[in-house]
Structures are given as C-alpha cells and as structure tokens.
Amino acid sequence: MTNIKKKCSFFVLSLLVMLLILPVLGNTEKAFATSVSPTESKSGTVYVIPVDQDIERGLQKFMERGFKEAKEMNASLIVLEINTPGGRIDTAHNIVDIIRSSEIPTVAYIRGDAASAGSYIALNADKIAMAPGSMIGAAALVDGITGNPIEDPKLVSYWKSLMSSAAEVSKRNPKIAQGMTDVNMVVEMPEIKDTKKKGEIISLTSEQAMKVGYADTIAETTDEVVNWMGYSTDDMFRVEQSGAEKLSEFLTNRIVMTLLLFMGIAGVIIELIVPGFGVPGILGVIGFALYFFGNSVAGFAGSETWILFIIGIVMMILELFVPSFGILGLLGSASLIVGVVRAAYSTSHVALSLGIASVSALAVIIIVAVVFKKRGIWNRFILNDTLTTEKGFIPSASKEDLLGKNGVSVTPLRPAGTVLIDGERYDVVTDGEFIGNNMTIHVVKVEGSRIVVKPIVD
C-alpha cells in the first residue's frame, strides 16, 4: 500500500513539473521563432526613381540613366514613384523593357495617377503599392494632338494585348486590364460589387485596386513602401533630374517649342530681308539652338539634326553676302525645316507647332517688311537713285541744236560712222544708205544721242 502511495505521489509530482515546464518551453520556442523572423530588414541600397511627367522619350532617357546607376551601385530594390497622365505607348513599351531586363526587384508606388501608359508601367513592376486616393487605369487610346479617342481596331487590340499580358505576368485578372483599354468590353468585378459596362473605362481607386488584386498594399509614404518590402530607409537614394534634363523637359513642352520655332523662323527671315539689324538674327539663331538642344538632351534629336541646323544657318548667312538670287537662302531654309522635323520625336507632334509658328512668323515678317521697306533686301534689285548734278553726275550735252545743220563725213557711213559738224566730231547713222567719206551730209533727225544724217546731192 505504501508503494502504491509513493507511485501516485511521484506521478502527481511529475505531472505538476510537466505543467510548469511546458509554458517555459513554449515561450522559448516563440523567442527562437522571433529571432529568425523573415520580416527582419533586408540589407541593400534602395533607389527611388520618380515617374512624374508625361511618358515620352525624355522620361525614357531619364529612366535608362536611373536603372543604370542602380545597377552600378548594386542596389537591392528600385521604387518607381508614379504620378503621370500617360503618354506615348511606344515609349512606355521601351520603359517596360528596361524594367523587365533589370535584375533588381521593382515596386511601383502610385502616389497620384497611373493613367493610360502609366498603368502599363505599374503592372510590369514586381509589386504595386498605392497611396490613399490614388488611381490606376483609364488607359483608353487617345490622339496626342486632338485628344479624341482612337478607334482603330488594330491599335486597340495591340494595346489591349499589352495590358492583358502585363496583368497575367503579375498574376492579376487580365480582363480588368483589358477593361481599362476597351470601351466595348463588359467586365464583372464582384470583389467591389461593380460591373464595367459598354462605353465605360475601368479606373480603380487604391481601395478598389486592393480588393481586385491590382494593388498589394496601401502606403502613405515611400518610406512605408520600402519598409513593407523589408528594407531599411537608412540607405535610400533618390534619382533626380539633372539641370540639362529639367531644361530639356521645359524646352520640349509644346507651347515653349512653338514659341522657339516662331522666334527662330521670324528672327532669321527678318534678318535676311532687312539686313543690318543684328538683333532679330541673333534671337532667331538662339531660338533654333534652344529647340535643337532641348530635343537633343531629351533623346529625340541625333547629331545629324545639328549638322542640318548648322548648314542651314551658314547658307542663310552666306545669302547676305553672296549674290545667289535666293538659292542659298532657299537651301538653308530647307535644311532648317528638315532638321526641325527630324529633331522632334514624331512628325505629327511637330507639325502643329511648326504650322502655328510659321503662320505667326509670316504675319510678323509682313509687318516688319512694310515698316522697313526702305531697308529691305529687295532694294538691291531696284535702282532708286537719280543721276543728278547735285550728286556729282555730269549729264551729256543735248544734241538737239544739231538738227538741220550740215557737215562732212570723216569716215564712210555704213550706215554708222563719224562726221565733222562745226569743227566737232560726232558719231552718226544714216537711214540705211551708204555715204562715202568727204561727202556733205545734212542732219535730219536727233533722238537723244542718236543723230541721223542724209547726203546732200549737188
């Protein structure tokens, strides 16, 4: 009996010990699990690249530089801060190629709008974060000049396939991406209890994007996004536009570009037709130079456009000094026009600006030509001076007094020759008849310097 009691006591004591030890073991396990948690900050530099302008070649060049610097610095993460109304599809496609070819993980942080081509760029990032109140979508094709929707089935189908493939790669619902581009689609979105109908385009708020899987998190700041990705903000570098890139962005603005073309055309032509001013010519050259500089830095213009610009200016200057009947001026103008068109990132983009600038410049040129008509280049081809004695010109003596006089032929008149009248020699002509020398003649007609004589027959 005593043994049984001892065994029972030992069992109870062991049970109590186990009850006391288990919680401790559990806490130890938790502590160990926390020490190897995957939420610990990862090491590495974070590069932040802003995408906060129209999507065109200037942005492409800027992003090429940003991704190149990030690679050279062995960056571990790239954050694209997106706030853009969209832009050119071909440029967006080139930017996406940069993102896809990069070995560095990329997260798109939509701070404002990721509209049109901006949504395409965001969908090609590894992750998408959105700020409260931001938007993604509204990617219907529109004409860059008129703003009217593009309804070409081939272009719409191509753009829709690009958006759809981007969504599929990032494992998002491709039909929503298609509904962002095609007004004719019907797309069910039960997650947000909404249906996109015909005639509508899908655009999602940050909350809606989270529910349908088009955003992975909502963050107030870029720092929150970096922390969410598991990185520290202590080693974060923001890529900024250089001074030349900022100036290029300003100079390639359509309004500024039109003004530069107007200044170039008006200034150079005014200097040609009213030479001697100097100021219009200088302003004209500056206008063209800034136009070519802006497009060159933006990546639109190559070295050949600068060559065309220099050739054009040189030919137009030579026109001032070399009589070419306008040929050099026309060739110079043609060289400048070709250079202007080739420097722009598209013919349609520059056509409107060049047209407005040309019409405006023509109006100013006409006004200047009228006001300064006495100094115009056309005065080179018009004899405006009168030959007067006050200016030092000696007019020839009138020969009207020889009419009716007689003289003697000094040389044979066949029918022209020389006669002697009142002791002076004169060049005369006959009406076609031959008069030998030493024959008596009679002056029958005087017309300016022309003296007509006839022989006197005895």
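I will try to describe carefully the structure that is included in this document.

Reading the values: rules and limits
Residues numbered from 1 in each chain as written. Predicted model: local features only at pLDDT ≥ 70, side-chain atom pairs only at ≥ 80, totals over all residues. Heavy atoms only, no water. Helix = DSSP H or I, 4+ residues; strand = E, 2+ residues; numbered from the N terminus. Buried < 20%, exposed > 50% of the residue type's maximum accessible area, 1.4 Å probe, protein only. Contact = heavy atoms within 4.5 Å. Areas by Shrake-Rupley, 256 points an atom, 1.4 Å probe, with all protein chains shown as cover. Salt bridge = Lys/Arg side-chain N within 4 Å of Asp/Glu carboxyl O. Axes fitted to C-alpha atoms, helices over the stretch in contact; angles between N-to-C directions. Parallel < 35°, antiparallel > 145°, perpendicular 65-115°, else oblique. Left-handed = near helix turned anticlockwise from the far one by under 90°. Core = buried A, V, L, I, M, F, W, Y, C linked by side-chain atoms within 4.5 Å. Pairing = 2+ DSSP bridges. Phe/Tyr/Trp six-rings, centres within 6.5 Å; stacked < 30°, edge-to-face > 60°. Expected span 1.5 Å × (residues − 1). Arc of directions from axis to C-beta.

Another point: the overall build of the protein. The helix and strand inventory of the protein stands at 14 helices and 15 strands. Taking all 458 residues of the protein together, 39% fall into the buried category. A separation of at least 24 residues holds for 60% of the contacts in the protein among residues at least 6 apart in sequence. When the accessible surface of the protein is summed, it comes to about 25,600 Å², and 62% of that surface belongs to carbon and sulfur atoms.

What follows deals with the environment of Phe-309. Along the chain, Phe-309 falls in helix α12 (residues 303-321). Its relative accessible area of 7% is what places Phe-309 among the buried residues. It is 9.5 Å that separates the C-alpha atoms of Phe-309 and Val-285, two residues lying 24 residues apart in sequence. The contact partners of Phe-309, leaving out residues within four places of it in the chain, are Val-285, Phe-288, Ala-289, Phe-292 and Leu-336.

Our focus in this paragraph is the pattern of salt bridges. By the definition in use, this model includes nine salt bridges. Between Glu-69 and Arg-65 there is a salt bridge; the shortest N-O distance is 3.0 Å. Taken as a pair, Glu-69 and Arg-65 lie in helix α2 (residues 57-72) at a separation of four residues, close to a single helical turn. Residue Arg-450 pairs with Glu-447 through a salt bridge whose shortest N-O separation is 3.1 Å. Residue Arg-450 is classed as partly exposed on the basis of its relative accessible area of 38%. The structure contains a network of salt bridges with shared partners spanning Glu-81, Arg-111, Arg-238 and Glu-240.

On to the packing of helix α3 (residues 89-101) against helix α5 (residues 153-169). It is at 12 Å that the axes of α3 and α5 come closest, and there the two elements cross at 25°. In terms of orientation, α3 lies roughly parallel with respect to α5. The chirality of how α3 crosses α5 is left-handed. Listed contacts from α5 to Ile-89, His-93 and Arg-100 of α3 are Tyr-158, Trp-159, Leu-162 and Ala-166.

Glancing now at the nonpolar core. One recurring pattern in soluble globular proteins: nonpolar side chains tend to sit buried together. Membership of the largest hydrophobic core comes to 53 residues, with the highest contact counts inside it found for Leu-80, Leu-204 and Tyr-214. Counting residues per element, this core draws most heavily on α5, at six residues. When sequence neighbours within four positions are dropped, the list of residues in contact with Leu-80 reads Ile-49, Val-51, Met-63, Phe-67, Ile-99, Thr-106, Val-107, Ala-108, Tyr-109 and Ile-121. Of all hydrophobic cores here, the second largest spans 29 residues; its members include Leu-272, Tyr-291, Phe-309 and Leu-354.

Time to look at the packing of helix α9 (residues 243-251) against helix α11 (residues 279-297). To describe two helices that pack against each other, one gives the angle between their axes and the distance between the axes. Interaxial distance between α9 and α11 falls to 8 Å at its minimum, and their mutual angle equals 120°. Taken together, α9 and α11 sit at an angle that is classed as oblique. Crossing hand, α9 versus α11: left-handed. Counting all contacts with α9, which are made through Ala-244, Glu-245, Leu-247, Ser-248 and Leu-251, the residues of α11 involved are Leu-290, Phe-293, Gly-294 and Val-297.

One ladder, built from two bridges, connects strand β11 (residues 406-409) with strand β12 (residues 416-421); its direction is antiparallel. The partner of Val-408 across the bridge, within β12, is Leu-420. A loop of six residues connects β11 with β12, the two strands running antiparallel in sequence. Both β12 and strand β13 (residues 424-429) contribute to a ladder of six bridges, which runs antiparallel. For Ile-421, the partnering residue across the bridge sits in β13 and is Glu-424. Taking the residues that link successive antiparallel strands as the turn, the β12-β13 hairpin has two residues, and the phi of Asp-422 there is positive, at about 50°.

Pro-415 follows Arg-414 through a cis peptide bond whose omega is -5°. Among the secondary structure elements, Pro-415 is positioned in the loop between β11 and β12. Even without being a glycine, Asp-422 presents a positive backbone phi close to 50°. As for its position among the elements, Asp-422 is in the loop between β12 and β13. In this structure Asp-422 comes out as exposed when scored by relative accessible area, which is 56%.

As a further point, take the packing of aromatic side chains. As enumerated under the stated definition, the model contains five aromatic pairs in all. Within the aromatic cluster, the residues linked to one another by ring pairs are Phe-288, Tyr-291, Phe-292 and Phe-309.

Before going further, it helps to spend a moment on helix α13 (residues 327-343). Spanning 17 residues, α13 covers 24 Å between terminal C-alpha atoms, matching the ideal 24 Å at 1.5 Å per step. Among the residues making up α13, those that are buried are Leu-328, Gly-329, Gly-332, Ser-335, Leu-336, Gly-339, Val-340 and Ala-343. Angularly, the buried residues of α13 cover 135° about the axis, an arc narrow enough to put them on a single face. In α13, the exposed positions angled more than 90 degrees off the buried face are occupied by Ile-327 and Leu-330.

Take the environment of Asp-234 next. With respect to the helices, strands and loops of the structure, Asp-234 is situated in the loop between α8 (222-228) and β10 (236-238). A C-alpha to C-alpha distance of 9.0 Å links Asp-234 and Val-46, two positions 188 residues apart in sequence.

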